[in-house]
Amino acid sequence: MPEPRDSLDKAIEVMARLRAPDGCPWDREQDHATLKPFLIEEAYEVLEAIDRGEPGALREELGDLLLQVIFHCQLAREAGRFDIFDVAEGLAEKIIARHPHVFGEGRADTSAEVLRNWEIDKRNGREARGEESRPASILDGVPADLPALLRSQRLQGKAARVGFDWPAAEGAAGKVEEEWAEVKEAMRAGVTTARSAGALEHEVGDLLFAVVNLSRKLGVNAEEAARSAVGRFLSRFHRIEEALRARGLSPEKVSLEELDRLWREAKAEEDDRRRRGKGPAPP
């Protein structure tokens with residue numbers, strides 16, 4: 001088995017060769033901005049490999065994600081800014097600084113204390129470096145481009161680490177009920193103007209945010225729960241289409257009542273498969 005440093009050096013050398021004057025035309029055309037979609041895509045493929053529970057696939061997808069890191073570091077190296085070893089050194093220093101209970105004299109007896117200290121250290125570090133035009137916040141550091149459910153849960157989790165949280169899930173559940181009541185009130189008022197439409201969007205947004213908070217209190221990843229629900233919807237609707245095709249029909253040619261009946265059949269079949277330990281029906 002090759003030494004870890006040798007393997008990393010080989011990957012770095014391969015990327016440098018691709019970027020050389022006589023390298024790959026496509027790789028030579030890329031910059032940090034053009035690589036953004038690939039970084040996001042590879043991260044999601046890592047998530048899918050984790051969900052599938054396939055170590056071989058996870059190894060491959062992590063490699064693809066590492067390629068993106070190496071690519072960005074090669075671009076920075078060419079510009080004389082930094083290289084991958086600078087990135088690794090900065091990472092090691094950051095980890096040591098944020099774990100004083102392991103590497104220093106600090107103390108943290110629970111995971112909650114570790115996370116609280118981590119958030120405070122990150123905020124203080126941003127303030128010391130003067131990175132923001134405004135005072136640093138505990139909520140800084142959550143990318144604005146994250147999917148909304150994931151970003152909501154990350155922000156709520158950060159606030160919770162410094163004590164801004166419901167003591168128990170019941171409080172979060174009560175907030176969901178409160179926000180749902182406000183949505184129903186907005187619905188009764190109707191949508192007659194752009195302003196009222198904006199008010200309805202506002203209330204629905206508050207409801208979604210409250211549901212994410214309840215999910216967090218229950219230990220459920222809201223983004224993953226939503227992705228799972230989307231998967232179930234796809235699977236069930238595909239089965240509706242399959243059943244209709246067998247009769248020479250398509251969804252737009254039958255009544256809502258018939259679609260609902262087929263939906264309930266698909267859901268019952270899925271529930272039965274889950275009870276028998278066979279997982280959901282394939283899409």
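Quick note: structure is the one above.
Here goes a summary of the coordinates provided. All values reported here derive from a predicted model rather than from experimental measurement.

## So, the side chain of His72
Thinking step 1. Take His72: it is sitting in helix H4 (residues 55-78).
Thinking step 2. The class of His72 is buried, set by a relative accessible area of 16%.
Thinking step 3. Apart from the residues lying within four places of it in its own chain, the contact partners of His72 are His32 and Leu35.

## Observations regarding helix H3 (residues 32-52)
Thinking step 1. With 21 residues, H3 should cover 30 Å at 1.5 Å per step; its first-to-last C-alpha distance of 30 Å lies within 8% of that length.
Thinking step 2. Within the sequence span of H3, burial applies to Leu35, Glu42, Val46 and Ala49.
Thinking step 3. Contacts made by the buried residues of H3 are with helix H2 (25-29) and H4.
Thinking step 4. Of the residues flanking the start of H3, the one acting as N-cap is Asp31, its side-chain oxygen 3.0 Å from the backbone nitrogen of Ala33.

## A look at the packing of aromatic side chains
Thinking step 1. Counted by the stated rule, this structure contains three aromatic pairs.
Thinking step 2. Judged by centre distance (5.9 Å) and plane angle (20 degrees), the ring pair of Phe233 and Phe237 falls under stacked. Of the two residues, Phe233 and Phe237 both sit in helix H11 (residues 222-245), four residues apart, roughly one turn of that helix.
Thinking step 3. Here the aromatic residues Phe233, Phe237 and Trp263 are joined through ring pairs into a cluster of three or more.

## A word on the environment of Glu42
Thinking step 1. With respect to the helices and strands, Glu42 occurs in helix H3.
Thinking step 2. Given a relative accessible area of 13%, Glu42 falls into the buried group.
Thinking step 3. Put simply, Glu42 and Leu65 are 23 residues apart on the chain and 5.4 Å apart in space, counted from C-alpha to C-alpha.
Thinking step 4. When neighbours within four sequence positions are excluded, Glu42 is seen to be in contact with Glu61, Asp64, Leu65 and Gln68.

## Considerations on the packing of H11 against helix H12 (residues 256-275)
Thinking step 1. Viewed as axis vectors pointing N to C, H11 and H12 meet at an angle of 120 degrees, and their least axial separation amounts to 9 Å. Put simply, H11 runs oblique to H12. Every pair of crossing elements has a handedness; the one defined by H11 and H12 is right-handed. Contacts from Arg232, Phe233, Ser235, Arg236, Phe237, Arg239, Ile240, Ala243 and Leu244 of H11 reach H12 at Leu259, Leu262, Trp263, Ala266, Lys267, Glu269 and Glu270.

## A word on the side chain of Gln74
Thinking step 1. Of note, Gln74 is situated in helix H4.
Thinking step 2. Setting aside residues up to four positions removed in sequence, Gln74 forms contacts with Met15, Ala16 and Arg19.

## Notes on a nonpolar patch on the surface
Thinking step 1. A cluster of nonpolar side chains, Leu91, Ile95, Ile96, Val102 and Phe103, forms an exposed patch at the surface whose accessible area comes to about 460 Å².
Thinking step 2. Contributions of two or more residues to the nonpolar patch are made by helix H5 (84-97) and helix H6 (100-103).
Thinking step 3. By residue number, the principal contributor to the nonpolar patch is H5, which donates three residues.
Thinking step 4. Relative to the assigned elements, Ile95 resides in helix H5.

## Points about the nonpolar core
Thinking step 1. With eight residues, the main nonpolar core is built from Ile12, Met15, Leu35, Ile70, Phe71, Cys73, Leu75 and Ile84.
Thinking step 2. Sorting the residues of this core by element identifies helix H1 (4-18) and H4 as the ones contributing at least two each.
Thinking step 3. Broken down by element, the residue count for this core peaks at four residues, all from H4.
Thinking step 4. Residue contacts for Leu35: discarding those within four places in its chain leaves Trp26, Gln30, Gln68, Phe71, His72 and Leu75.
Thinking step 5. By size, the runner-up hydrophobic cluster in this structure holds seven residues, among which are Val176, Leu207, Ala210 and Leu214.

The rules behind the values
- Residues numbered from 1 in each chain as written.
- Predicted model: local features only at pLDDT ≥ 70, side-chain atom pairs only at ≥ 80, totals over all residues.
- Heavy atoms only, no water.
- Helix = DSSP H or I, 4+ residues; strand = E, 2+ residues; numbered from the N terminus.
- Buried < 20%, exposed > 50% of the residue type's maximum accessible area, 1.4 Å probe, protein only.
- Contact = heavy atoms within 4.5 Å.
- Expected span 1.5 Å × (residues − 1).
- Polar contact = N/O pair within 3.5 Å; in protein donor to acceptor, adjacent residues only side chain to side chain.
- Phe/Tyr/Trp six-rings, centres within 6.5 Å; stacked < 30°, edge-to-face > 60°.
- Axes fitted to C-alpha atoms, helices over the stretch in contact; angles between N-to-C directions.
- Parallel < 35°, antiparallel > 145°, perpendicular 65-115°, else oblique.
- Left-handed = near helix turned anticlockwise from the far one by under 90°.
- Patch = residues over 30% accessible without salt bridge, like charges linked within 9 Å, V, L, I, M, F, W, Y side chains within 5 Å.
- Areas by Shrake-Rupley, 256 points an atom, 1.4 Å probe, with all protein chains shown as cover.
- Salt bridge = Lys/Arg side-chain N within 4 Å of Asp/Glu carboxyl O.
- Core = buried A, V, L, I, M, F, W, Y, C linked by side-chain atoms within 4.5 Å.

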